[in-house]
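Examination of the molecular architecture
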Amino acid sequence: MSITTIFEILLAAVVLGLGIWTIAVRETFSATVGFVTYGLLVALIWVRLEAVDVALTEAAIGGGLGGVLLLGAAARLRNADLVAGEAPGKLLRVSAAVLSGLTAAALAGAILLLPDPAPTLAPAALANSWATSLTNPVTNVLMAFRAMDTMLEKVVLLLAIIGVWSLAPDIAWGGHPGPRHQADPRGILAFLARLLPPVGIVVGIHIFWTGANHPGGAFQGGAILASMWLLVIMAGLIDTPPVSRRWLRFILIAGPSLFLVVGLGGLWFGTAFLSYPPSMAKPLILGIEVAMILTIAATLGLLLAGAPERNAKP
Amino acid sequence: MLPPAPALDAMTTTSGFLLVLSIIVPIAGVLLAFVLGDRYVKLVACGIVPLASAIAMAILFALPQSNGPLVYLLGAWPPPLGVALRADGLSAVMLAATAVVISGVAVFAAPDFSPASTQARTPFAFWILLLAIWAALNTIFLAGDLFTLYVALELLTFAAVPLVSLDGRAETLRAAMRYLLFALLGSVLYLMGTALIYGLYGTLDIVLLSRRVSAEPILLVAAALMTTGLLAKTALFPLHLWLPPAHAGAPAAASAILSGLVVKGSFFIAVRIWFNVMPGLPGFAATQLLAALGAAAIVFGSVVALRQERLKLLIAYSTLAQIGYLFLMFPLAFDAAGRFQNGGALAGGLLQAFSHATAKAAMFMAVGSIYASLGHDRIMGLRGAARALPLSVLTFALSGIALMGVPPSGASLAKDLLLRSAAGNGQWWWEIVLQTGGMFTAAYVVLVLAYALAPSDKPIALAGPTRLIRDAAPLVLALCSLLSGLVPWGPYLPIPHDIGSYLPSLGTLSKLLFPVLGGAILAILLSPWPHALGSSTARNTLATVVGPFRRGCLAFGNLVEKGNETLCQWPAASISLLLLALMFGALMLAAI
């Protein structure tokens, strides 16, 4: 048994244990910390499975932004007077446990029975990368072969924003999302909020830029940019922008809109909707991705900031 | 009738670009409305609705001209690497239903959701979400790939949930949260199944999968998970805990969309998986289970609907029953050779979906008008409504008649098709369910009409003026449903030629009287409220005769309502979800 196998077994055991602990633990705050750690360890598993793109996304969303969201929720719930519902009866618990166990067993059985080597489209994706001149197959799948799905997913993000904003009280409509954060201007948070963003922005752009040929891309880069933005907001250095601002709306739709326009160009001048002429594929895709990283960063940041709470004119 | 011509599926057909347009035109509307902001949202929607309807009509015209389904390869990449859009007859029917219902709702909602009349927040969210739902549904009806279907499901969920809590009251927020959590549970199950199928076959394209599938345990596990997830999103009994509060709490125009269209999205994907991906695999027992859930939904939904005090809740529970009706086609389309047939039963199911979409949307809007005018929607306070609001009550009555399956409604044609398949398959027990279902529908329609048509002691104070155009839209939708049995569906649905002549005859009369009389009896027996016609001597004699029997029926209704309350709790609903996934898996595995 090699050292990596031992490490993998250990990692799997810790992830499983942490998962159970996160569900079983009573305090919201502890569960959140457990969940964030869980997300980071799952990212490690993805690295071991050589799916670095997924690992980056999992770390950014499951570990990072998801954690911030849950911590915020836990902080809000701390003051709320929670009425604990009556505990479910023994029969209910046992039947839930049995049924969950059976479902998990069926899933595990199905996964163990999967053919090995798995039938895959990876060779086809690699063989067709000439069409875009990008060598990261994941980016090719997202931006060329299954571009429609990616574009629609960006519209889902926009709908999530609309859903969050629709929770605003009518008087605050168009105003600033979330509370105005105050922090000690000489404190550690303000210090970090001045120190980290320049580094974070460079890292985010780097991850986005290398996404053309290496693991990384607009989503992972956008998540890092969003976290930098949130850090500055939480340190009270800047306020969230009012949601009625036209420039903000424009950034939020830039990604899917450019995608749509390029797609229509393909329908009109080229062979099909969302087809790129091979000579121009790389600049077109990079252009869409530049718009998308801005959209993703703004969307993720605003999703975490919450519904408009304060009027634009105080 | 369209043969599933797989020979042509690997290239774009001539009119294929229409399929792309039908998805991206509403999406362009969403983006444009979002960036232009509050004042122009309605204007954008007013421009997009006719345009997208015209595209849907163009697809309806183009499909019969084409030899087989319309196909479009996105990015010119053929599956399995790329993604294809395909329109067959089923897609066409559902595209039409969506276009008709959304246009009607848009006309109805125009005065309510204009930026000048209320706060800017609700019109902004409503119109954008309306367009988003349209794009999502069109994607569901056209997508040829299981993962594209997942993305479309997500689009649909994220567009539908905020509609529930549009007016911001605490109870609607709770309803929206319930809906979101349960719908996401359904999404996760569907996604897990999709991942398993990709791991097994290396493609998610529906046509390619239909050629590669074989009776393997992994596929059946995946199918069981996906089916259960979709049932949770469709709110088939017993996975309906989210539906009544969500559909009853939303504004009327939103309820019309949620009840008429949104639940049909996940239903349609279930049809695609069972009929197109694995037509030979689910096995007899699994189809029987699916329809048994449908039958239970009819009984539960109808009995609980008859016990509601509020009209909107009554209609929400009636949606529950009608969803059950949709699933009756599965065993009837399953032939003796163990394959799903692209025949009369499937056509009946889709027609049922079409007529329910139009009729239920009309019903919710009519009730919305009644609510807005009377200031309440208590069923017992409806006396005199027919005189004060004749158009709305007429719309309610017509859509109710259409739902009961009275000729020449689409539901009636659907019922004929399903009854014929049941007789052909020798599954007589579903004939009973089909007939009873019509009677139950008649029961709650008759109950409401009995109150609405009763004269009022005091004059009714209306909250505001009624607008003709507003009330005309639901009336048109109700007529659409009522007359849809006359539409030549032949080019789209496999309907036998010898069915569907609706000349007035004795048979027609009996088809009207049979459910109405049965429904009236059911309404008297099962509704706990005092009768609308008050105490006449004839009624008193009747009461003494049927009194003990009625008490028994009321006790039964009480029991059903208690059971429903338990099923609408999270623990029971979650356990039902797991149980159903396991049962479907076990039954399908047993069939190989």
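Residues numbered from 1 in each chain as written. Chains lettered and ligands numbered in written order. Predicted model: local features only at pLDDT ≥ 70, side-chain atom pairs only at ≥ 80, totals over all residues. Heavy atoms only, no water.

1. Considering the domain arrangement of chain B
Residues and elements named next belong to chain B. This is how it is decided: Each domain's limits were defined by an automated method or a database of domain assignments. Contacts are assigned to residue pairs that have any heavy atoms within 4.5 Å of one another. Accessible area that two parts lose when put together, with a 1.4 Å probe and added across both, is what the buried area reports. We define a salt bridge as a side-chain nitrogen of Lys or Arg found within 4 Å of a carboxyl oxygen belonging to Asp or Glu. Under the rule applied, a polar contact is a pair of N or O atoms within 3.5 Å (in protein, one hydrogen donor and one hydrogen acceptor; residues adjacent in sequence only if both atoms are side-chain atoms). For helices the rule is a DSSP run of H or I covering at least 4 residues; for strands it is a run of E covering at least 2, with both sets numbered from the N terminus onward.
According to the domain assignment, chain B contains domain 1 (1–142), domain 2 (164–276 + 558–591) and domain 3 (283–527). Inter-centroid distance (C-alpha atoms) of domain 2 to domain 3 is 23 Å. At the junction of the two partners, domain 2 supplies 39 residues and domain 3 supplies 41 residues. When domain 2 packs against domain 3, the two sides together hide about 3,400 Å² of surface, and 83% of this comes from carbon and sulfur. Three residues stand out in domain 2 for area buried against domain 3, namely Phe 237, Phe 267 and Phe 275, and they jointly supply 20% of the buried area on that side. The tally of links between domain 2 and domain 3 comes to one salt bridge. In this structure, the connection of domain 2 to domain 3 is made through six residue pairs in polar contact (both at pLDDT 80 or more). Those elements that place two or more of their residues in the side of domain 2 that touches domain 3 are helix H8 (217–234), helix H9 (243–249), helix H10 (252–277), helix H21 (537–567) and helix H22 (570–591). Ranked by residue count, the leading element in the side of domain 2 that touches domain 3 is H10, at 14 residues.

2. Some details on the nonpolar core
Here is the rule: Buried Ala, Val, Leu, Ile, Met, Phe, Trp, Tyr and Cys residues form a nonpolar core when they are joined through side-chain atoms within 4.5 Å. Think of it in three bands: with a 1.4 Å probe and only protein chains considered, a residue is buried below 20% of the maximum accessible area for its type, exposed above 50%, and partly exposed in between.
The biggest cluster of nonpolar side chains holds 296 residues, and the ones touching the most others in it are Leu 146 and Phe 584 of chain B. Per-element tally for this core: the top contributor is H10 of chain B, with 18 residues. Setting aside its immediate chain neighbours within four residues, Leu 146 of chain B contacts Tyr 190, Thr 194, Ile 197, Leu 204, Ile 206, Leu 209, Met 226, Ile 273 and Val 277 of chain B. Within the second largest apolar cluster, five residues are counted, among which are Leu 11, Val 15, Leu 18 and Val 42 of chain A.

3. Notes on the UniProt feature "domain: Na+/H+ antiporter MnhB subunit-related protein" (unreviewed entry) in chain A
The following threshold applies: UniProt positions are given in the numbering used here, feature names are shortened, and annotations may be inferred rather than shown by experiment.
Mapped onto this numbering, the UniProt entry annotates "domain: Na+/H+ antiporter MnhB subunit-related protein" (unreviewed entry) at residues 188–304 of chain A. Along residues 188–304 of chain A one finds 75% helix and 0% strand; the C-alpha atoms at either end are 22 Å apart.

4. Describing the pairing of strand S2 (residues 84–87) of chain B
Residue and element names in this part refer to chain B. Definition in use: A pair of strands is treated as paired once DSSP finds two or more bridges between them.
Along S2, one buried face is formed by Ala 84 and Arg 86 and the opposite face, lined by Leu 85 and Ala 87, is buried too. Pairing of strand S1 (residues 70–73) with S2, which is carried by four bridges, proceeds in the antiparallel orientation. Bridged to Val 71 within S2 is Arg 86.

5. Quick notes on the domain arrangement of chain A
In many analyses, interface size is given as the accessible surface area lost on bringing the parts together. Residue and element names in this part refer to chain A. One can read the domain layout of chain A as domain 1 (1–79) and domain 2 (120–310). For domain 1 versus domain 2, the distance between C-alpha centres works out to 24 Å. In this assembly, ten residues from domain 1 lie in contact with 16 residues from domain 2. Summed over both sides, the interface between domain 1 and domain 2 buries roughly 1,000 Å², with carbon and sulfur atoms accounting for 75% of that surface. Summed over the three residues of domain 1 that lose the most area to domain 2, namely Asp 53, Leu 56 and Leu 65, the buried surface amounts to 52% of that side. In this assembly, domain 1 and domain 2 are joined by one salt bridge. For Glu 309, the salt bridge goes to Arg 76, with nearest N and O atoms at 3.1 Å.

6. Things to note about the UniProt feature "domain: MrpA C-terminal/MbhD" (unreviewed entry) in chain A
With numbering aligned to this structure, UniProt lists the feature "domain: MrpA C-terminal/MbhD" (unreviewed entry) at residues 14–78 of chain A. For residues 14–78 of chain A, the helix share is 91%, the strand share is 0%, and the end-to-end C-alpha distance is 28 Å.

7. Let's talk about the packing of aromatic side chains
Rules: Here the aromatic set is Phe, Tyr and Trp, taking the six-membered ring for Trp, and pairing holds for ring centres within 6.5 Å; pairs whose planes are under 30 degrees apart are stacked, those over 60 apart are edge-to-face, and all others are tilted.
This structure, assessed with the given rule, holds 23 aromatic pairs over all chains. Centre to centre, the rings of Phe 145 of chain A and Trp 77 of chain B are 4.7 Å apart; their planes meet at 80 degrees, and the pair counts as edge-to-face. Residue Phe 145 of chain A is located in helix H6 (residues 137–145), and its partner Trp 77 of chain B is located in the loop between S1 and S2; the two belong to separate chains. Taking relative accessible area as the criterion, Phe 145 of chain A reaches 2% and is therefore assigned buried. When the ring of Phe 34 of chain B is compared with that of Phe 124 of chain B, the centres are 5.9 Å apart and the planes differ by 45 degrees; the resulting orientation is tilted.

8. What to know about the interface of chain B and chain A
Across the boundary between the two partners, chain B contributes 61 residues, which contact 59 residues of chain A. In this assembly, chain B packs against chain A so that about 5,300 Å² is buried in total across both faces, 78% of it on carbon and sulfur atoms. Its largest share of buried area at the contact with chain A, chain B owes to Phe 34, Leu 81 and Arg 121 of chain B, together 14% of the area lost on that side. Along the contact surface separating chain B from chain A lie two salt bridges. Residues Arg 121 of chain B and Asp 170 of chain A are paired through a salt bridge, measuring 2.9 Å at the closest nitrogen-oxygen approach. Connecting chain B to chain A are eleven residue pairs in polar contact (both at pLDDT 80 or more). When residues of the side of chain B that touches chain A are traced back to their parent elements, those giving at least two are helix H1 (17–36), S1, helix H4 (121–142), helix H5 (146–164), helix H6 (170–201), H8 and H22 of chain B. The greatest single-element share of the side of chain B that touches chain A, amounting to twelve residues, is contributed by H1 of chain B.

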